[in-house]
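# Residue-level structural notes
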Amino acid sequence: MQFSGGNEQTQNGHVLISLTEEDRLHILHPGQIIAYKGNPSGREDRFMDLAGMYRKRRWIRSKISGPSELLLGLPPGCRLHVVPIEAESSLLYDFRNVLFFSDGMTMKNRLQSIKNAVITQEWVRIKFSGPGQLGIISTGFMETLTLHPETPLYVDAGALIAYPEDASLKISVYGNSLASQHMKVQWEIKGNGPVLIQTGSSDPQLERQMRQDSLIRRTLREVLPFGGVFIK
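These remarks concern the structure in this document. Residue positions are counted from 1 within each chain, in the order its sequence is given. Reporting in this predicted model follows two pLDDT cut-offs: at least 70 for local features of residues, and 80 or more for side-chain atom pairs to be given and counted; totals over whole chains, interfaces and linings ignore these cut-offs and use all residues. Values reported for side chains reflect all heavy atoms of the structure, with hydrogen atoms and water molecules removed beforehand.

## Remarks on the overall build of the protein chain
- Helix and strand definitions here come from DSSP, where helices need a minimum of 4 consecutive H or I residues and strands a minimum of 2 consecutive E residues; each element is numbered from the N-terminal end. In terms of regular secondary structure, the protein chain is built from five helices and 19 strands.
- Burial analysis of the protein chain (232 residues in total) assigns 41% to the buried set.
- Counting contacts in the protein chain only where the partners sit at least 6 residues apart, residues at least 24 apart contribute 72% of the total.
- All accessible areas in this document rest on Shrake-Rupley with a 1.4 Å probe, and a residue is counted as covered only by the protein chains that are shown. A total accessible area of about 13,300 Å² is found for the protein chain, and carbon and sulfur atoms account for 55% of it. For the exposure calls, accessible area comes from a 1.4 Å probe over protein chains only, and a residue counts as buried if that area is under 20% of its type's maximum, exposed if over 50%, partly exposed in between. Contacts between residues were defined by any pair of non-hydrogen atoms, one from each residue, lying within 4.5 Å.

This is the structure in structure tokens:
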């Protein structure tokens, strides 16, 4: 199985996947298949189970058999990361970030606490067991940070892709009272092992300021003498 384009080093908006005769790939968002080259019978669509329908808001998933090639589109601003999964992987993934997984892998549901689920709207996390490969979509880049058993790591709840199953996890905020009142909901995590975080979360106010700044700069470059030289 080979991948090209759309990885963490590029933002082409697509990924080309080549499957050998032995390869099988499960696509959880069949609508992202832009092009397919291979035997027409190499695509087999199936109904998701009820949990998958709820998490993905989708009824159908596709199983693609090789030899074949398929072109998958990626949402704007998103990147694809192909993560190798070992037989004893302990990470729990947000199912919304999963685009595909290779055949032979197993999935197990892990229910969240009611309190955490009500706040974050994440009722279930998924544990994948391999060996195999997992296609993860992230907004922006994906970073790996290491947990500490005593020192908490605070992560924007909307940015956390995966964390170890045995980690201590709870909804929290940090800082003084002013900081805690004006920040997004945070996961407070302690434990051992890696966490996967997507970096595309943004502050809407900062985005508006950046767009305004860009407009001012463009105007000054046009109006001032030599503005195009001195204002970059």
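## Details of the sheet that holds strand S15 (residues 153-156)
- Sheet architecture is open: three strands sit in the order S15-S18-S17, paired in antiparallel fashion. Each edge of the sheet is formed by a strand with only one pairing partner; in this case those strands are S15 and strand S17 (168-172). Taking the axes of each pair of neighbouring strands and ignoring which way they run, one obtains an average angle of 30° across the sheet.
- We treat two strands as partners when DSSP finds at least two bridges between them. Bridge count between S17 and strand S18 (residues 186-190): five bridges; the pairing is antiparallel. By the bridge assignment for S18, Ile171 is matched with Trp187. Interaxial angles span 0 to 180 degrees and are taken between N-to-C directions of axes, which are lines fitted to C-alpha atoms, for helices over the stretch in contact.

## What about the sheet that holds strand S13 (residues 132-139)?
- Spatially, six strands are ordered S5-S6-S3-S10-S13-S8 in an open sheet, and the strand pairing comes out antiparallel. Among the strands making up the open sheet, the edge pair consists of strand S5 (43-47) and strand S8 (78-85). Within this sheet the neighbouring strands show an average axis-to-axis angle of 20°, counted without direction.
- As defined by bridge partners, strand S3 (residues 24-27) adjoins strand S6 (residues 60-65) across four bridges and the pair is classed as antiparallel. Looking across to S6, one finds that His26 is bridged to Lys63.

## Brief notes about unusual backbone geometry
- Residue Pro67 is bonded to the preceding Gly66 through a cis peptide linkage, with omega at 0°.
- By secondary structure assignment, the location of Pro67 is in the loop between S6 and strand S7 (68-73).
- A cis amide bond, omega 10°, links Gly130 with the succeeding residue Pro131.
- Along the polypeptide, Pro131 turns up in the loop between strand S12 (124-129) and S13.

## Topic: the environment of Gly193
- Summarising the element assignment, Gly193 is placed in the loop between S18 and strand S19 (194-198).
- Between the alpha carbons of Gly193 and Glu165 there is a distance of 9.8 Å; along the sequence they are 28 residues apart.
- Not counting residues within four places of it along the chain, the set of residues in contact with Gly193 comprises Leu145, Thr146, Leu147 and Pro164.

## A word on the pairing of strand S10 (residues 98-102)
- Most of S10 is tucked away, with five of its five residues classed as buried.
- Strand direction decides the pairing type here: S10 and S13, joined by three bridges, are antiparallel. Within S13, the residue paired with Phe101 across the bridge is Leu134.

## Topic: the packing of aromatic side chains
- Put simply, two rings from Phe, Tyr or Trp (the six-membered ring, in Trp's case) pair if the centres are within 6.5 Å, and we call them stacked under 30 degrees between planes, edge-to-face over 60, tilted for the rest. With the rule as written, the count across this model stands at three aromatic pairs.
- Ring geometry for Phe101 and Phe128: centres 5.8 Å apart, planes at 50°, overall tilted. With Phe101 in strand S10 and Phe128 in strand S12, this pair connects stretches of sequence that are 27 residues apart. Here the two residues Phe101 and Phe128 agree in accessibility, since each one is buried.

## Some remarks on the pairing of S13
- Among the eight residues of S13, six are classified as buried, and the element is accordingly described as predominantly covered.
- Of the strand pairs in this sheet, S8 and S13 are connected by eight bridges, and their pairing is antiparallel. Bridge pairing in S13 links His81 to Ile136.

## Structural notes on the pattern of salt bridges
- Take a side-chain nitrogen of Lys or Arg and a carboxyl oxygen of Asp or Glu: if they are within 4 Å of each other, that pair is a salt bridge. According to the stated counting rule, one finds eight salt bridges in the structure shown.
- A salt bridge links Glu69 to Lys37; its shortest N-O distance comes to 3.6 Å. Here Glu69 is found in strand S7, whereas its partner Lys37 is found in strand S4 (residues 33-38), with 32 residues between them in sequence.
- Judged by relative accessible area, Glu69 falls into the partly exposed class, the value being 29%.
- Classification of Lys37 by relative accessible area gives exposed; the value is 54%.
- For Lys170, the salt bridge goes to Glu188, with nearest N and O atoms at 3.9 Å. Here Glu188 lies in strand S18 and Lys170 lies in strand S17, a separation of 18 residues in the sequence.
- Note on Lys170: relative accessible area 44%, which makes it partly exposed.
- Judged by relative accessible area, Glu188 falls into the buried class, the value being 11%.

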